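# Breakdown of the fold
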2 protein chains.
Amino acid sequence: MKKVAILGIGQTVIGEHWDKSLREIGGEAGFTALRDAGMDKVDALFVGNMLSPLIDSQNQLGTFLSDWIGLRHQEAIKVEAACGSGAAAFRAAIMAVSAGQIDSALVIGVEKMTDKSGHDVTAALATAADADYEVEQGVSFVGLNALIMQRYMHEYGWKHADFAPFSINAHSNAMHNPFARLHEKINVDKFEKSAMVASPVNLLDASPIGDGAAAAVIVPAERITSMSGRPRVIIAGSASATDTIAVHSRKDPLFLAAAYESAKRCYELAGIRAEDIDVFELHDAFSIMTALSLEASGFAQRGQGVQLGLENQISHKGRIPICTRGGLKARGHPVGATGMYQIVEIVQQLRGECNETQVDGAKIGMAQNIGGSGATVLTHILKTE
Amino acid sequence: MKKVAILGIGQTVIGEHWDKSLREIGGEAGFTALRDAGMDKVDALFVGNMLSPLIDSQNQLGTFLSDWIGLRHQEAIKVEAACGSGAAAFRAAIMAVSAGQIDSALVIGVEKMTDKSGHDVTAALATAADADYEVEQGVSFVGLNALIMQRYMHEYGWKHADFAPFSINAHSNAMHNPFARLHEKINVDKFEKSAMVASPVNLLDASPIGDGAAAAVIVPAERITSMSGRPRVIIAGSASATDTIAVHSRKDPLFLAAAYESAKRCYELAGIRAEDIDVFELHDAFSIMTALSLEASGFAQRGQGVQLGLENQISHKGRIPICTRGGLKARGHPVGATGMYQIVEIVQQLRGECNETQVDGAKIGMAQNIGGSGATVLTHILKTE
């Protein structure tokens, strides 16, 4: 199995891009990544996307974008794993390059979801849950997360304000990320007074949707022994694991078993432990998911993830920096693109390009992308060599 | 790159399974393939599906099915390339196994599309075309194929009845396939008098949709040196290529450039030529596609694919047997599952399990799965060793 490296990255500003089509958004990130890699062609395109059939009436997004980007006749596919689609496409590309049949791949995570009414998007996002056994009962995707958060607070005795540091950290970091959707400082008071969405999840517990795309070019690591002064970023671990789609089918809905499994496999592949991670871009779609991800990935005991926020260990100067570019909460969550934003941001950290929120001496970074309420979890560990 | 072999296959009858859910259909094919392989667990599940978000309100089909099949915590993803989704999932699985990180994979192509009204399905299928530049103008997927067929007849001087042998052969072969949707003999008269859908495409030029699933278990070839009397089926070639999504963007809409490219790469990988193929399961979604596929894959000159039918070279005793189990035309076309039905049928031929339509001494088989109107084309060559 060949070692794989990341040669180029690209991303668009996340926002409401009513003036740009799906192909323009995806193309912008793709072209930027190719330019960053100093290439104009790759062997294959892997696209991560969740909602384009539902919101944009467009399927076959691999070929749709390969045509637009000028990769006509090259291989192209789309991978979908709900909000984990971006990292799932990334992993499929890694497998293909490490198998040796193709020698370079462009991976684009893309989503355009603000041109429809809110109801349509809520219904579309609900396709990540179990249509027969969850959605049929009337529960929305936010509703599922609210149920989990409610139980967590009850079980471990936390109050709602204890989750505030997660959102405050994310918003604070996004202030310095020009690609982020939200540039707005918040505090505990704002957090507590924010509009309720589905109790106890309020607006500042939840990540905003958006239009956006992020991309990376990968090649066999042997191809880039020297890189004009930039550190070489290699993929030290890639792992994916699943759980039940329906939250009620789980033995323990407060433990992200798939996150635990994929992180564990990823640590083994990279030959490291959780303590070795310098920066962690996790899937904070809702503040409760931040706590559960930290716990399942080995950074906190069960029920104690919240404590890391309260102790201020999650800032870029803390023990385990998270959401250093704003996370899903403030950078934004264009669902199928999110996994690739995380990869791009880890590369930025390892290259030392994060300015105000740079993690000093970051050498090993981890990205974790979640599809559904913990149903599909992909973990990647990147490191400089 | 490790050599990969097919250890087990499974399929469901194609029909209107209103009594079975999406997971039951996918599970049935998956369980059958696992049983055929003598396994109860695999490292990863790859699902090919096009329409479940639109028709079944269900995304994240990889995890959805891994949970149902008893593969909880194992890796799972869904791959989508319109009607080419089945073979696209198959190729992603081949890459993953040949890369060496996983040691076994189950691939399921699944589609449940008959529980909605015809209008919904027509609109859903149109997501395979270009939403901005084709569908927006009011052209349906059948309409696009009708335009191509009209031009082909004009350009090369064929009349509609010249396409009859393709459909007659497919229907005749399906009579002996218990999994086929249609069991009905047809003749030239019936073909010509069939109801018009979009001139010149009539009902007997077009393949029927359906609910169904087909599956295969793949492992590194080295794992199965002997197989209790069954010939070992290995994957000698796997290739994918793309063209523009919109038919009008092509230099020549009568040439399937992506089919040409993917077949060419596949022949190179397998070290063979078109003449070496004993049986060819092609993508006869419409009779015009049969002609174009035969031409692009090297079995006929440009504009002469129709001649192979008129000369009766396509039966299981002919020079290039096609649609030996009924093809899309009569076995049926549950879109995201079709690519895996083709793989399963080639394995049946190579194992010598096709009874009345068995190709004598079949050793090398090819399957070609198409997404959109020739936009994404995946070709696989299987052979016995």
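Summarised in this report is the structure supplied together with it. (Residues numbered from 1 in each chain as written. Chains lettered and ligands numbered in written order. Predicted model: local features only at pLDDT ≥ 70, side-chain atom pairs only at ≥ 80, totals over all residues. Heavy atoms only, no water.)

## Looking at the overall build of chain A
Scanning chain A for helices and strands turns up 13 helices and 11 strands. Its C-alpha atoms give chain A a radius of gyration of 19 Å, near enough to 21 Å, the size a compact globule of 385 residues would have. With the C-alpha coordinates of chain A rotated into their principal frame, the extents come out at 55 × 45 × 40 Å. When each of the 385 residues of chain A is scored for burial, the buried share is 69%. With the model as given, the accessible surface of chain A reaches about 12200 Å², and the carbon-plus-sulfur share is 50%. Of the side chains in chain A, 34 bear a positive and 43 a negative charge, and the two mean positions are spaced by 4 Å. (Helix = DSSP H or I, 4+ residues; strand = E, 2+ residues; numbered from the N terminus. Rg over C-alpha atoms; globule rule 2.2 N^0.38 Å. Buried < 20%, exposed > 50% of the residue type's maximum accessible area, 1.4 Å probe, protein only. Areas by Shrake-Rupley, 256 points an atom, 1.4 Å probe, with all protein chains shown as cover. Lys, Arg positive; Asp, Glu negative; His and termini not counted. Charge placed at Lys NZ, Arg CZ, Asp CG, Glu CD.)

## Considering the pairing of strand E3 (residues 75-80) of chain A
Regular strands show a simple pattern: their side chains alternate between the two faces of the sheet. The buried fraction of E3(A) is high, at six of six residues. Going residue by residue along E3(A), you find Glu75(A), Ile77(A) and Val79(A) tucked away on one face and Ala76(A), Lys78(A) and Glu80(A) tucked away on the opposite face as well. Pairing of strand E2 (residues 44-48) of chain A with E3(A), which is carried by five bridges, proceeds in the parallel orientation. Note on E3(A): the bridge partner recorded for Leu45(A) is Ala76(A). Across three bridges, E3(A) lies against strand E3 (residues 75-80) of chain B in antiparallel orientation. The residue of E3(B) that forms the bridge with Glu80(A) is Lys78(B). (Pairing = 2+ DSSP bridges.)

## Topic: the layout of surface pockets
In this model, the largest pocket occupies a volume close to 640 Å³. As for the largest pocket, its lining consists of 29 residues, of which Leu203(B), Ala206(B), Ser207(B), Pro208(B) and Ile209(B) are closest to the centre. For the lining of the largest pocket, the elements supplying multiple residues, two or more each, are helix H5 (118-125) and helix H6 (141-156) of chain B. Sorting elements by how many residues they give to the lining of the largest pocket places H5(B) first, with four residues. Classifying every residue of the lining of the largest pocket by side-chain character gives 16 nonpolar, seven polar and six charged. The computed volume of the second largest pocket comes to approximately 520 Å³. Along the walls of the second largest pocket sit 29 residues, with Val142(A), Ala206(A), Ser207(A), Ile209(A) and Phe286(A) positioned nearest its centre. Residue assignment for the lining of the second largest pocket shows that the elements contributing at least two residues are helix H5 (118-125) and helix H6 (141-156) of chain A. Partitioned by chemical class, the residues of the lining of the second largest pocket number 17 nonpolar, 10 polar and two charged. (1 Å grid on protein atoms, 1.4 Å probe; cavity = no way out; pocket = protein on both sides within 12 Å on 5 of 7 lines; lining within 4 Å. Points joined across faces, edges and corners; volume = space filled by probe spheres on them. Nonpolar A, V, L, I, M, F, W, Y, C, P; charged D, E, K, R; others polar.)

## A few points about the relation of the copies chain A and chain B
Mapping chain A onto chain B calls for a screw motion: a turn of 180 degrees about the axis and a shift of 0.0 Å along it, with 0.0 Å RMSD after fitting. The operation mapping one copy onto its partner corresponds to a two-fold rotation axis. Using C-alpha coordinates, one finds that chain A approaches the rotation axis most closely at Ala99(A), a distance of 1.9 Å. Looking at the interface residues of chain A, 100% of them are also at the interface in chain B, so both copies use one shared face. (Least-squares fit on C-alpha atoms with pLDDT ≥ 70 in both. Contact = heavy atoms within 4.5 Å.)

## A closer look at the pattern of salt bridges
Tallying each qualifying case throughout the model produces 48 salt bridges over all chains. The closest approach of N and O atoms between Lys159(A) and Asp162(A), which form a salt bridge, is 3.2 Å. The class for Asp162(A) is buried, based on a relative accessible area of 10%. The shortest N-O distance in the salt bridge between Lys2(B) and Glu222(B) comes to 4.0 Å. Here Lys2(B) is found in the segment before strand E1 (4-11), whereas its partner Glu222(B) is found in the loop between strand E7 (212-220) and strand E8 (233-242), with 220 residues between them in sequence. (Salt bridge = Lys/Arg side-chain N within 4 Å of Asp/Glu carboxyl O.)

## Describing the packing of helix H1 (residues 22-37) of chain B against helix H3 (residues 61-69) of chain B
All names here are of chain B. Their axes nearest at 10 Å, the elements H1 and H3 cross at an angle of 65 degrees. Two packed elements cross with a definite hand, and for H1 against H3 that hand is right-handed. Contacts between H1 and H3 involve Leu22, Arg23, Glu24, Gly26, Gly27, Phe31 and Leu34 from the first element and Leu61, Phe64, Leu65, Trp68 and Ile69 from the second. For the contact of H1 with H3, the per-class residue count stands at eight nonpolar, two polar and two charged. (Axes fitted to C-alpha atoms, helices over the stretch in contact; angles between N-to-C directions. Left-handed = near helix turned anticlockwise from the far one by under 90°.)

## Things to note about the packing of aromatic side chains
All names here are of chain A. Scanning all chains against the criterion turns up eight aromatic pairs over all chains. Between Phe255 and Tyr260 the ring centres are 5.7 Å apart and the planes differ by 50 degrees, which places this aromatic pair in the tilted class. Members of the aromatic cluster, connected to one another through ring pairs, are Tyr152, Tyr156 and Phe163. (Phe/Tyr/Trp six-rings, centres within 6.5 Å; stacked < 30°, edge-to-face > 60°.)

## What about the interface of chain A and chain B?
Listed as interface residues are 60 residues of chain A and, on the opposing side, 60 residues of chain B. When chain A packs against chain B, close to 4800 Å² is buried across both sides, 49% of that on carbon and sulfur atoms. It is Gln60(A), His73(A) and Gln101(A) that lose the most area in chain A upon contact with chain B, and together they represent 15% of the buried surface on that side. Scanning the region where chain A abuts chain B turns up eight salt bridges. Here Arg91(A) ties to Glu75(B) by a salt bridge, and the two come within 2.6 Å at their closest N and O atoms. Considered class by class, the residues forming the side of chain A that touches chain B number 26 nonpolar, 21 polar and 13 charged. (Buried area = accessible area lost by both parts, 1.4 Å probe.)

## Side note on the nonpolar core
Counting 82 residues, the largest nonpolar core has Ile6(A), Phe46(A), Ile218(A), Ile6(B), Phe46(B) and Ile218(B) as its most contacted members. For Phe46(A), the contacting residues outside a window of four places in its chain are Ile77(A), Ala89(A), Ala92(A), Ala93(A), Ala96(A), Ile102(A), Ala105(A), Leu106(A), Val107(A) and Ile108(A). (Core = buried A, V, L, I, M, F, W, Y, C linked by side-chain atoms within 4.5 Å.)

## Focus: the packing of helix H4 (residues 85-99) of chain B against helix H13 (residues 335-351) of chain B
Two measures define how a pair of helices packs: the angle their axes make with one another and the distance between the axes. Residues and elements named next belong to chain B. Packing of H4 against H13 brings their axes to within 5 Å, and their N-to-C directions diverge by 65 degrees. Where H4 approaches H13, its residues Ser85, Gly86, Ala87 and Phe90 are matched on the opposing element by Gly336, Gly339, Met340 and Ile343. In terms of residue class, the contact of H4 with H13 is made up of four nonpolar, four polar and no charged.

## As for the state of the cysteines
Residue and element names in this part refer to chain B. Going through the model one piece at a time under the given rule, you end up with zero disulfides over all chains. The closest cysteine sulfur to the non-disulfide-bonded Cys83 is located on Cys323, 15 Å from its own sulfur. The class of Cys83 is buried, set by a relative accessible area of 5%. Cys323 provides the cysteine sulfur closest to Cys354, a residue in no disulfide bond, and the two sulfurs are 13 Å apart. (Disulfide = S-S within 2.5 Å.)

## Structural notes on the environment of Ala44(B)
Residue and element names in this part refer to chain B. Relative to the assigned elements, Ala44 resides in strand E2 (residues 44-48). When its relative accessible area of 0% is taken as the criterion, Ala44 is described as buried. When residues no more than four places from it in sequence are discounted, the contact partners of Ala44 are Glu75, Ile102, Ser104, Ala105 and Leu106.

## Section: H6(B)
Residue and element names in this part refer to chain B. Taking 1.5 Å per residue, 16 residues should reach 22 Å; H6 reaches 23 Å between its end C-alpha atoms and fits that length. Along H6, the residues that are buried comprise Phe141, Gly143, Leu144, Asn145, Ala146, Ile148, Met149, Tyr152 and Met153. Gly157, located one to two residues past H6, shows a positive phi value of around 80 degrees. (Expected span 1.5 Å × (residues − 1).)

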